[in-house]
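Descriptive structure summary
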Amino acid sequence: MLFFFFSHRRNCKGNPNCLVGIGEHIWLGEIDENSFHNIDDPNCERRKKNSFVGLTNLGATCYVNTFLQVWFLNLELRQALYLCPSTCSDYMMGDGIHEEKDYEPQTICEHLQYLFALLQNSNRRYIDPSGFVKALGLDTGQQQDAQEFSKLFMSLLEDTLSKQKNPDVRNIVQQQFCGEYAYVTVCNQCGRESKLLSKFYELELNIQGHKQLTDCISEFLKEEKLEGDNRYFCENCQSKQNATRKIRLLSLPCTLNLQLMRFVFDRQTGHKKKLNTYIGFSEILDMEPYVEHKGGSYVYELSAVLIHRGVSAYSGHYIAHVKDPQSGEWYKFNDEDIEKMEGKKLQLGIEEDLAEPSKSQTRKPKCGKGTHCSRNAYMLVYRLQTQEKPNTTIQVPAFLQELVDRDNSKFEEWCIEMAEMRKQSVDKGKAKHEEVKELYQRLPAGAEPYEFVSLEWLQKWLDESTPTKPIDNHACLCSHDKLHPDKISIMKRISEYAADIFYSRYGGGPRLTVKALCKECVVERCRVLRLKNQLNEDYKTVNNLLKATVKGSDGFWVGKSSLRSWRQLALEQLDEQDGDTDQSNGKMNGNTLNKDESKEERKEEEEELNFNEDILCPHGELCISENERRLVSKEAWSKLQQYFPKAPEFPSYKECCSQCKILEREGEENEALHKMIANEQKTSLPNLFQDKNRPCLSNWPEFFVEEWRKFVRKPTRCSPVSSVGNSALLCPHGGLMFTFASMTKEDSKLIALIWPSEWQMIQKLFVVDHVIKITRTEVGDADSSETQYISEPKLCPECREGLLCQQQRDLREYTQATIYVHKVVDNKKVMKDSAPELNVSSSETEEDKEEAKPDGEKDPDFNQSNGGTKRQKISHQNYIAYQKQVIRRSMRHRKVRGEKALLVSANQTLKELKIQIMHAFSVAPFDQNLSIDGKILSDDCATLGTLGVIPESVILLKADEPIADYAAMDDVMQVCMPEEGFKGTGLLGH
């Protein structure tokens, strides 16, 4: 007979006897030693035999690493750099190097020397080039143009080495990389030939429309005709003549760098793009057909291919395939990883397969023996075949070798340290394995004495990734320092034997034996559960009692809100009592409440209304509003009082609060008084209330008028206006700050003009702090009379001018204001909905809104006290604040359909605005012609404030080349800030 046993692997939650599925499975059985540590074998970081050393990618510095490897494998360049004098002699002391401090190269040459020495003799698998990158001031997080980096660094290196005395060092860049060609122009009329000689360090070859490298070279040397407007001025003919121009190669360098111009500028998008077309090239390149002087040896062999993986010019990864000049073997240099190609052959297939697929992608053409095709190669390096093969290994100078040996010693020490740490981790893991295998079998308690231990601690004991800490059972204790009954679900019952071993090895506590369960908490828990069960029955009983009508004076007042939620309040109260038993005695590890937090929580709880407190008035008595309370029977109140013994009690014969009754009567009297005042003022000033046109004889602040109209319309909700604050319109010297012309135009929203009769009535109804009068007079005879307006008090010219300056300054100092941009074609505004708008804000929804204050809000410029008024002085700054408080209609520009609205700031430059416009209209910044009010905006560095761009301005945009096909702009709309290139780096001499 066969028996089958089934064992569950998940832990039973809430069962203190279940010890399965708590993490024991990783320890039961045989365990690989490597699982006891997370330390990699340090020998994996060791350089392999007959291999090269890699370079760490510091973020986006793969383009630097590729060129460093190419230059390192140029043996002539490496030898010349080793011969360059170094300041390391100052660093040396006696027979060795200072042990206290690390060597820090001072110049670019010294950085290259040290890097090349490490690349040659380091024991590490890869080294860190951060010192070299930092010395150049490169941004490690930004990928740069690799071709531009190559040209700039070669120029910098040549300039640095030109100061050396040794000619082999001084001229190494020219000897290895420098060639010469001539721009030759031939006059078609007289045949005169003019030459312009020029040196080159690489040939920049256009690949667009070509499939072979030889075709690119032929186009580079192709003859160009100079005709029409492009005719050449011949000095012999002394006139413009048709001519031909071409490039003639005069001499070629030992190392020929051919730059394939894959990254080109797309004029339509305003960004660079990559040409992912295949270009074929051979391993042997005969340049004799292309040079002017025949007969020499111009056969080159391929020595390096630099690859850019990726379809975009703004992202991707750079690697290099370089041929070892000593062994003739090809290696792939990919930052830290270096791979040797099989059979001494260049293999580019895998690099081409990694490119992203495209529907318009052409198939890879077939390549014959000794030829290759690539759509990712951006630079080809050829070496003269006639050069003798180097037979001897280049020796590292003694001072550099000592530095390398010191670094190798540090590496070996690190390897030993890591190996020791691995060994210690393995030894600890084996000991823990034996411990778990021994103790896990003795964990179940059975019938023998037992103790409780936290499940969380047991899981951490079985967790190999964390060290075991002392046992902490404080989180499971009640306020009586015993085991809380509700915490049994997170505890496990283990044998006393296992508990003794745990506490002896790891310590901690308190120990929770069979007598640890708190009897008081169990009793309290049962009481709360009984009350909760009883609550449901009492809820039904109270509901039935509430249906009966209360007769006589036996009832009690209860708040309607309290009646609706009394069961919920009772439950919360019982849960709080139950929760009090959950709280520890203050010894809970990691869960102790902050004193300030607990005080805030208690304060919030106290602020919440308890049962029947919703009918308390501010004075602690019964509120006067009967709509908020209800009369319940004596039986219902008795039931409710069982749950809320401290609730305020109000029998039906209880009188309402006497103070509240007095205040209610006073409020009714005030409302009646306000209605009477409003009716009287409305009758006295009917035209002013209806906002009819008024002549200019007296004036007062417009905001007073609006506040007064608000009171007249709703006298019960607003406070009456008692005074007129005309001093807000005056300067500190007592003069008027507004002219009559401005009062009727731009300042009409600030000042109300009224009839003299209305002014007399206002003086009777309100307290006026200052009278402002405008008198109209006729000057001259009957035939040529002129109307003049004289103010009293008179205009203060200085303060008026200061006010205008402040207003203009405010227009030039703004943040997040809206302006509008119209695109123009043939001087006509067009509606263009092709590109998504950025930062668009529509003004239609705000057009008819008023910035109205809440009803009854008091303005700080009003003095509404019953006493005398005091004139308030106002400065220009105060006036601006006063302007913002004024209620006025929106003067915003109404945005036309199709117009782009942009959010800008006054300190923003025109260049930054053009970038915003580029996103909104898909027009490159250099194709944008901007104007405002007929004025051309051309200074990209100027701010919008200095250019006169104010809020609500309309800027006209005329594009040189409008883009029609927006569907094809997949990569165009990515946010690409204008390139800074190598600006500010050491490559440009900074």
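These notes cover the structure that comes with them. All values derive from a computational prediction rather than experimental measurement.

Criteria and thresholds
Residues numbered from 1 in each chain as written. Predicted model: local features only at pLDDT ≥ 70, side-chain atom pairs only at ≥ 80, totals over all residues. Heavy atoms only, no water. Helix = DSSP H or I, 4+ residues; strand = E, 2+ residues; numbered from the N terminus. Buried < 20%, exposed > 50% of the residue type's maximum accessible area, 1.4 Å probe, protein only. Areas by Shrake-Rupley, 256 points an atom, 1.4 Å probe, with all protein chains shown as cover. Salt bridge = Lys/Arg side-chain N within 4 Å of Asp/Glu carboxyl O. Core = buried A, V, L, I, M, F, W, Y, C linked by side-chain atoms within 4.5 Å. Contact = heavy atoms within 4.5 Å. Axes fitted to C-alpha atoms, helices over the stretch in contact; angles between N-to-C directions. Parallel < 35°, antiparallel > 145°, perpendicular 65-115°, else oblique. Nonpolar A, V, L, I, M, F, W, Y, C, P; charged D, E, K, R; others polar. Expected span 1.5 Å × (residues − 1). Bend = angle between axes of the 7 residues up to and from the residue. Phe/Tyr/Trp six-rings, centres within 6.5 Å; stacked < 30°, edge-to-face > 60°. Lys NZ or Arg CZ within 6 Å of the ring centre and 35° of its normal. Pairing = 2+ DSSP bridges. Left-handed = near helix turned anticlockwise from the far one by under 90°. Patch = residues over 30% accessible without salt bridge, like charges linked within 9 Å, V, L, I, M, F, W, Y side chains within 5 Å. Lys, Arg positive; Asp, Glu negative; His and termini not counted. Charge placed at Lys NZ, Arg CZ, Asp CG, Glu CD.

1. Brief notes about the overall build of the chain
Along the chain, the regular secondary structure elements total 27 helices and 40 strands. The buried share among the 990 residues of the chain stands at 43%. When the accessible surface of the chain is totalled, it reaches about 54900 Å², and 48% of it is carbon and sulfur.

2. Details of the pattern of salt bridges
Overall, the coordinates contain 21 salt bridges when judged by the stated rule. For E301, the salt bridge is made with K323, and the minimal N-O distance between the two is 3.8 Å. Taken together, the residues span a long stretch of sequence, with E301 in strand β17 (residues 299–309) and K323 in strand β18 (residues 317–323) at a distance of 22 residues. Among the residues examined, K323 registers a relative accessible area of 22% and is labelled partly exposed. Among the charged side chains, a network of salt bridges with common partners joins E193, R248 and E292.

3. A closer look at the nonpolar core
Core analysis: the largest hydrophobic core is formed by 64 residues, its most contacted members being F149, F153 and L157. When residues in this core are grouped by element, the largest group, nine residues, is from helix α4 (residues 108–121). Not counting chain neighbours up to four residues away, the residues in contact with F153 comprise W71, I108, L112, F132, L136 and L987. Formed by 37 residues, the second largest nonpolar core is a distinct cluster that contains I247, L258, V291 and L348.

4. A few points about the environment of R442
Note on placement: R442 falls in the loop between α11 (398–440) and β23 (450–454). The exposure class assigned to R442 is partly exposed, which follows from its relative accessible area of 39%. A C-alpha to C-alpha distance of 6.2 Å links R442 and A498, two positions 56 residues apart in sequence.

5. Some remarks on the packing of helix α1 (residues 62–72) against α4
It is the contact of α1 with α4, at a shortest axis distance of 11 Å, that shows an interaxial angle of 75°. Our classification of the angle between α1 and α4 gives roughly perpendicular. Note on element contacts: α4 touches α1 through L112, L115, F116, L119 and Q120, opposite L68, Q69, W71 and F72. Partitioned by chemical class, the residues of the contact of α1 with α4 number seven nonpolar, two polar and no charged.

6. Some points on helix α14 (residues 519–547)
Taking 1.5 Å of rise per residue, the 29 residues of α14 would be expected to cover 42 Å, and the 43 Å separating its terminal C-alpha atoms lies within 8% of that figure. The sharpest bend along α14 measures roughly 25° and falls at L535. Among the residues of α14, C521, V528, L535, D538, V542 and L546 are the ones counted as buried.

7. Considerations on the packing of aromatic side chains
Scanning the model with the defined rule gives 27 aromatic pairs in all. Taking 6.2 Å as the distance between ring centres and 35° as the angle between the ring planes, the aromatic pair formed by W71 and F149 counts as tilted. Note that W71 is positioned in helix α1 and F149 in helix α6 (residues 146–161), a separation of 78 residues in sequence. Overall, the relative accessible area of 0% leaves F149 in the buried class. Ring centres 6.0 Å apart and planes at 55° place the aromatic pair W566 and Y643 in the tilted group. Of this pair, W566 sits in helix α16 (residues 566–582) while Y643 sits in helix α18 (residues 634–643), and the two are 77 residues apart along the sequence. The class of Y643 is buried, set by a relative accessible area of 7%. Ring-pair connections join several aromatic residues into one group, and the members of that group are Y63, F67, W71, F132, F149, F153, Y318 and Y378. In this structure, R629 packs its charged tip against the face of W557, placed 4.4 Å from the ring centre.

8. Comments concerning the sheet that holds strand β5 (residues 179–187)
If you walk across this open sheet you meet the four strands as β6-β5-β11-β8, and the pairing is antiparallel. Taken across any chain shown, the strands that pair with only one partner, and hence form the sheet edges, are β6 (193–200) and β8 (224–226). Neighbouring strand axes in the sheet, compared pairwise and without regard to direction, differ in orientation by 25° on average. With eight bridges joining them, β5 and β6 adopt antiparallel strand pairing. Bridging across to β6, G179 finds its partner in F200.

9. Focus: the packing of α14 against α18
Running from N to C, α14 and α18 point in directions that differ by 155°, and their axes come no closer than 10 Å. Relative to α18, the element α14 is oriented roughly antiparallel. Crossing of α14 against α18: the hand is left-handed. The residues of α18 that touch α14, namely those facing L531, Q534, L535, D538, T541, V542 and L545, are E635, A636, K639, L640, Q642 and Y643. For the contact of α14 with α18, the per-class residue count stands at seven nonpolar, three polar and three charged.

10. A few points about the environment of E671
Among the structural elements, E671 can be located in helix α19 (residues 658–684). Residue E671 is classed as partly exposed on the basis of its relative accessible area of 40%. C-alpha of E671 to C-alpha of C718: the two residues are 47 residues apart in sequence and 9.8 Å apart in space.

11. Topic: a negative patch on the surface
A surface patch of negative charge is lined by E664, E666, E668, E669 and E671. Overall, the relative accessible area of 41% leaves E664 in the partly exposed class.

12. Section: helix α2 (residues 75–82)
Think of an α-helix as 3.6 residues a turn; residues three or four steps apart then line up on the same face. Counting buried residues in α2 gives six out of eight residues, a clear majority hidden from the surface. For α2, every residue scored as buried is listed here: L75, L77, R78, A80, L81 and Y82.

13. Overview of the pairing of strand β25 (residues 491–495)
With five of its five residues buried, β25 lies for the most part within the structure. Inspection of the sheet shows β23 paired to β25 by five bridges, in the antiparallel sense. From the neighbouring strand, E451 faces β25, where its bridge partner is I494.

14. Some points on the environment of L631
Inspection of the secondary structure puts L631 in strand β28 (residues 629–632). For L631, a relative accessible area of 25% puts it in the partly exposed group. Distance in space between the C-alpha atoms of L631 and D554 is 9.4 Å, their sequence separation being 77 residues.

These values are about where atoms sit, not about what they do.
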